[in-house]
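Given next are the chains, with one letter for each unit.
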Amino acid sequence: NFDEHCTFEPRRLLVMTGRPGDGKSEFTDELVLRLCLRHEWKIGFFSPENMPMEYHLAKLAEKLTGHPFRPGPGMTDALYNRTTRWLTDNVTHILPDSGSYTVDCILEKARQLVRRRGVRILVVDPLNRIAQRLPPGQTELQYLSSLLNSLSRFATHYHCRVILVAHPRKMNRNPLTGVTPCVGMYDIFGSSDFYNKADFGIIVERDDQKGLVTIHVEKVKFKHLGTPGNATFVYN
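For the structure given in this document, a descriptive report is provided here. As the structure is a prediction and not an experimental result, all values here were calculated from the model.

### Notes on the overall build of the protein chain
Looking only at helices and strands, one finds six helices and eight strands in the protein chain. Listing the helices and strands of the protein chain from first to last along the sequence gives β-α-β-α-α-β-α-β-α-β-α-β-β-β. Against the compact-globule benchmark of 18 Å for 236 residues, the protein chain has a radius of gyration of 18 Å, which places it among compact chains. By its C-alpha atoms, the protein chain is 55 × 50 × 40 Å across when sized along the principal axes.

Structure, rendered in structure tokens:
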């Protein structure tokens, strides 16, 4: 039911958001792995929160195989070797030098991956791990607008799908129900440009009591690529 709302192509910027702990990174990983398996779009990750890299690769391996990433009945030696070869061929992590998490540094390393490895998907997860270095006289809103423009230009020029995972502003729980309301694209901390400049806007909402995840497709810029709506998944 997700395919009814989203058709993916390169040269587009997707912004992913959701409440803390609802699984933004998990859904992003699942999405890009499926795109790579179906279309051979190699993936470049800038994902400091998933470091060390070995831990993230283990999570990706579990999604690929459906088995825990440890020796046992499911993860045989043959499957382990096949999985690690696939990840080596198709997944690369961007690891800037300490203190160099600027968007320019990340995109320069991503350009190298496009040329050397044929990367077609760039994941930036999350936004708040990019170092903000505002030029004199520039406001934070202007900085965020410039950053989004840089990501969009990169996607267009290098024929890539760029996925930016962004945290929302702090949302208060309902005092009567104790539930934090679902967020929207305009709730992303910093600027309404996250909605305005994205080609796709997706919100991840997980209900632990029901064991379900609702994917809210809030924005699809071009109607031939999809329509806003909701898709439901079982969270395993």
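The rest of the description comes next.
### Regarding the nonpolar core
Membership of the largest hydrophobic core comes to 33 residues, with the highest contact counts inside it found for Leu-122, Leu-127, Ile-130, Leu-151, Phe-154, Leu-164 and Phe-194. Taken together, the elements giving at least two residues each to this core come down to β1 (12-18), α4 (103-117), β4 (119-124), α5 (140-157) and β5 (161-165). For Ile-130, the contacting residues outside a window of four places in its chain are Phe-46, Tyr-101, Thr-102, Val-103, Ile-106, Val-124, Tyr-143 and Leu-147. With 31 residues, the next largest nonpolar core counts Leu-14, Cys-36, Val-217 and Ala-231 among its residues.

### A closer look at the packing of helix α1 (residues 24-39) against helix α2 (residues 53-65)
Following both chains from N to C, one finds α1 and α2 inclined at 60°, their axes separated by 10 Å at the closest point. With respect to α2, the axis of α1 lies oblique. Considering only the axes of α1 and α2, their crossing is right-handed. On α2, the residues that touch Glu-26, Asp-29, Glu-30, Leu-33, Arg-34 and Leu-37 of α1 are His-56, Lys-59, Leu-60, Lys-63 and Leu-64. Residue classes in the contact of α1 with α2 are distributed as four nonpolar, one polar and six charged.

### Quick notes on the environment of Thr-65
For Thr-65, the location among the structural elements is in helix α2. C-alpha of Thr-65 to C-alpha of Leu-31: the two residues are 34 residues apart in sequence and 15 Å apart in space. Aside from chain neighbours lying at most four places away, what touches Thr-65 is Met-75, Leu-79 and Thr-83. Among the polar contacts listed, one links the side chain of Thr-65 to the backbone oxygen of Ala-61, at a separation of 2.9 Å. Engagement of the side chain of Thr-65 in a polar contact is seen with the backbone nitrogen of His-67, the distance being 3.1 Å.

Conventions adopted
- Residues numbered from 1 in each chain as written.
- Predicted model: local features only at pLDDT ≥ 70, side-chain atom pairs only at ≥ 80, totals over all residues.
- Heavy atoms only, no water.
- Helix = DSSP H or I, 4+ residues; strand = E, 2+ residues; numbered from the N terminus.
- Rg over C-alpha atoms; globule rule 2.2 N^0.38 Å.
- Core = buried A, V, L, I, M, F, W, Y, C linked by side-chain atoms within 4.5 Å.
- Buried < 20%, exposed > 50% of the residue type's maximum accessible area, 1.4 Å probe, protein only.
- Contact = heavy atoms within 4.5 Å.
- Axes fitted to C-alpha atoms, helices over the stretch in contact; angles between N-to-C directions.
- Parallel < 35°, antiparallel > 145°, perpendicular 65-115°, else oblique.
- Left-handed = near helix turned anticlockwise from the far one by under 90°.
- Nonpolar A, V, L, I, M, F, W, Y, C, P; charged D, E, K, R; others polar.
- Polar contact = N/O pair within 3.5 Å; in protein donor to acceptor, adjacent residues only side chain to side chain.

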